[in-house]
Amino acid sequence: MKVLFDNVSKHFFKQENRTLKELIPSLLKGMRPGEFIEALKNINLKFNDGDIVGVLGKNGAGKSTLLKLIAGVTQPTSGKISINGKIAPLIELGAGFHPQLTGRENIYLNGSIFGLSKKEIDSVYEDIVKFAELERFINTPVKHYSSGMYMRLGFSVAVHVPFDILLTDEILAVGDIDFQQKCIDKMISFKKQKKVIIFVSHHLETVSSFCNKGLVLDKGKQYFYGNVNEAIEKYKELL
Amino acid sequence: MITYFRNLYIHRYLLYNLTSREIKSRYAQSILGYFWILLNPLFQMLIMAFVFSFFIKIPSSFNIPYSIFIYTGLLPWNLFVYSITSSTNSLVENESLIKKVYFPREIIITATVIAKVYDYLLASTVLVGFLFYYHVNISPLIFFLPLILFIQILFSLGLSFLLSALNLFYRDIQYLMNSVFLVWFYLTPILYPIEMIPERYRFVLQLNPMSVLINAQRRTIFGGGDLNLNSIIIAILLSFGIFYLGYFIFKKLEGLFADVV
């Protein structure tokens, strides 16, 4: 078992009157200064080796919050999460890239953000550059990169980090058709290695062909979790 | 404190990379590049030396030219202020990282502060040049300088942890700091020797760690009496206290960073 959610809820406190000028009159009028938003309610999940989970839900259903909780960047309000294994967040590619630094420097910077040592990055460095097809530009500051090159580099670093659990958020639309095919091939190879992949997407065809499990979230509630095709049917009921 | 240093050790390669990103990126697109690190405090010193020795006559002490006197106060002061203002903004600037990847957030703060220490060391080379030029005698106490500097860094880290965490919730902190530092600057004997303050008010300066530390740094360089151990012990205790408190609050709030940034 790689990921376990035991009755997990996450609330946000949304404060509407943040400045003093707004806060004081609203308190005088007896209004509450803010409200709790339940982003996720009583989620119970278990992901095992080889689970490729498609996460479906409308905007605001809690999909991003779920990924953030698994990535460990935010804490649950109640309940318990246990994670066994290394996580590769393939969300917001190139987060942490610095425009003034070269492609090479950014590979090392990004690799270390994912928790790799210099040695570990050295050993995958060539593969990263080759996969991103950036051999000619690797010593150029990334601010001169096209947005496609930037995304390719971000994707390439992220998928060359050794991991057990991969989090993705609509990222298979990187680069041109050829590169997209390479990304899909890469994902299929992860699937064969029995990695856990959590795949947030609105693209139902991709979800049904790629995933074997489906999770449907509706306004923070766990609407369905199980077989991917059933999940897609359930999701369609919500629309 | 042990947790803190252990985290730094585990994530040393990330710390190294974030620090070098901070250093490399700053003057990347400028002709003079790193020279700005030397030029800025130098100009600052020249202007202050001009104003405060021509218009308002402030005496120097330690038998050294007033310009060197100011410079030895400005360097640690700039280190202190830039460390804190940069780290306070650093969490906000690294929003995309904070929302996506988990690693102990104190690495970001520490990297920012180390980058400022690097600036300080570069700017100190100018001071060494001055000391040679004016044939200033160096005190044997100079070996204590790294220790005093370390205490100052601990104090700065503590405040940085506290303020950077609070600034994520209320950005008022970063605006408030400008005014606080302005007052604090004049409450610290940078432009004037501590002896100018009447004896009975001097305890105020003793409670200001920056005042004690800057005075101690001057003494380790120029001699002129022993280090005032009582004041230094107060400063050390305050610095450790602030470090513990800042780090404790920082770690308590860390889990909420991604929600509020």
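Structure: see above.
Residues numbered from 1 in each chain as written. Chains lettered and ligands numbered in written order. Predicted model: local features only at pLDDT ≥ 70, side-chain atom pairs only at ≥ 80, totals over all residues. Heavy atoms only, no water.

Notes on the overall build of chain A
A count of helical and extended segments in chain A gives 8 helices and 9 strands. Along the longest, intermediate and shortest principal axes, the C-alpha atoms of chain A span 65 × 50 × 30 Å. The buried share of chain A, reckoned over its 239 residues, is 49%. Sequence separation of at least 24 residues holds for 69% of the intrachain contacts in chain A that already meet a minimum separation of 6. Here chain A has roughly 11600 Å² of accessible surface; of this, 51% comes from carbon and sulfur atoms. On chain A, the mean spot of the 32 positive side-chain charges and the mean spot of the 26 negative ones are 4 Å from each other. (Helix = DSSP H or I, 4+ residues; strand = E, 2+ residues; numbered from the N terminus. Buried < 20%, exposed > 50% of the residue type's maximum accessible area, 1.4 Å probe, protein only. Contact = heavy atoms within 4.5 Å. Areas by Shrake-Rupley, 256 points an atom, 1.4 Å probe, with all protein chains shown as cover. Lys, Arg positive; Asp, Glu negative; His and termini not counted. Charge placed at Lys NZ, Arg CZ, Asp CG, Glu CD.)

Let's talk about the packing of aromatic side chains
Residues and elements named next belong to chain B. Inspection of every chain in the model, using the stated rule, returns 33 aromatic pairs over all chains. Here the aromatic rings of Tyr 13 and Tyr 16 are separated by 6.1 Å at their centres, their planes lie at 15°, and the arrangement is stacked. Of this pair, Tyr 13 and Tyr 16 both sit in helix H2 (residues 12–26), 3 residues apart, which is roughly one turn of the helix. Seen from their ring centres, Phe 161 and Phe 243 are 6.0 Å apart, and the 65° between their planes marks the pair as edge-to-face. Of this pair, Phe 161 sits in helix H7 (residues 145–169) while Phe 243 sits in helix H11 (residues 229–253), placing them 82 residues apart in sequence. Each member of the pair, Phe 161 as well as Phe 243, carries the same accessibility label: buried. Sitting over the face of the ring of Tyr 9, Arg 12 holds its NZ or CZ atom 4.3 Å from the ring centroid. (Phe/Tyr/Trp six-rings, centres within 6.5 Å; stacked < 30°, edge-to-face > 60°. Lys NZ or Arg CZ within 6 Å of the ring centre and 35° of its normal.)

With respect to the pairing of strand E9 (residues 221–227) of chain A
All names here are of chain A. Sheet analysis places strand E8 (residues 213–218) next to E9, joined by 6 bridges and oriented antiparallel. Note on E9: the bridge partner recorded for Gly 214 is Gly 226. The antiparallel hairpin formed by E8 and E9 contains 2 residues in its connecting segment, where Lys 219 sits at a positive phi of about 50°. (Pairing = 2+ DSSP bridges.)

Notes on the nonpolar core
Counting 126 residues, the largest nonpolar core has Ile 107 and Leu 153 of chain A together with Trp 77 and Phe 80 of chain B as the members making the most contacts within it. A total of 13 residues in this core trace back to one element, the largest contributor, which is helix H4 (residues 66–93) of chain B. Non-local contacts of Trp 77 of chain B, meaning those with residues more than four positions away in its chain, are made with Phe 181, Trp 184, Phe 185, Thr 188, Ile 190, Met 210 and Ile 214 of chain B. Of all hydrophobic cores here, the second largest spans 23 residues; its members include Ile 70, Ala 71, Leu 167 and Val 196 of chain A. (Core = buried A, V, L, I, M, F, W, Y, C linked by side-chain atoms within 4.5 Å.)

Here's the deal with the environment of Leu 187 of chain B
Residues and elements named next belong to chain B. Structurally, the position occupied by Leu 187 is in the loop between helix H8 (172–186) and helix H9 (202–206). Owing to a relative accessible area of 43%, Leu 187 belongs among the partly exposed residues under this scheme. Contact partners of Leu 187, with chain neighbours within four places excluded, come to Tyr 192, Leu 205 and Asn 208.

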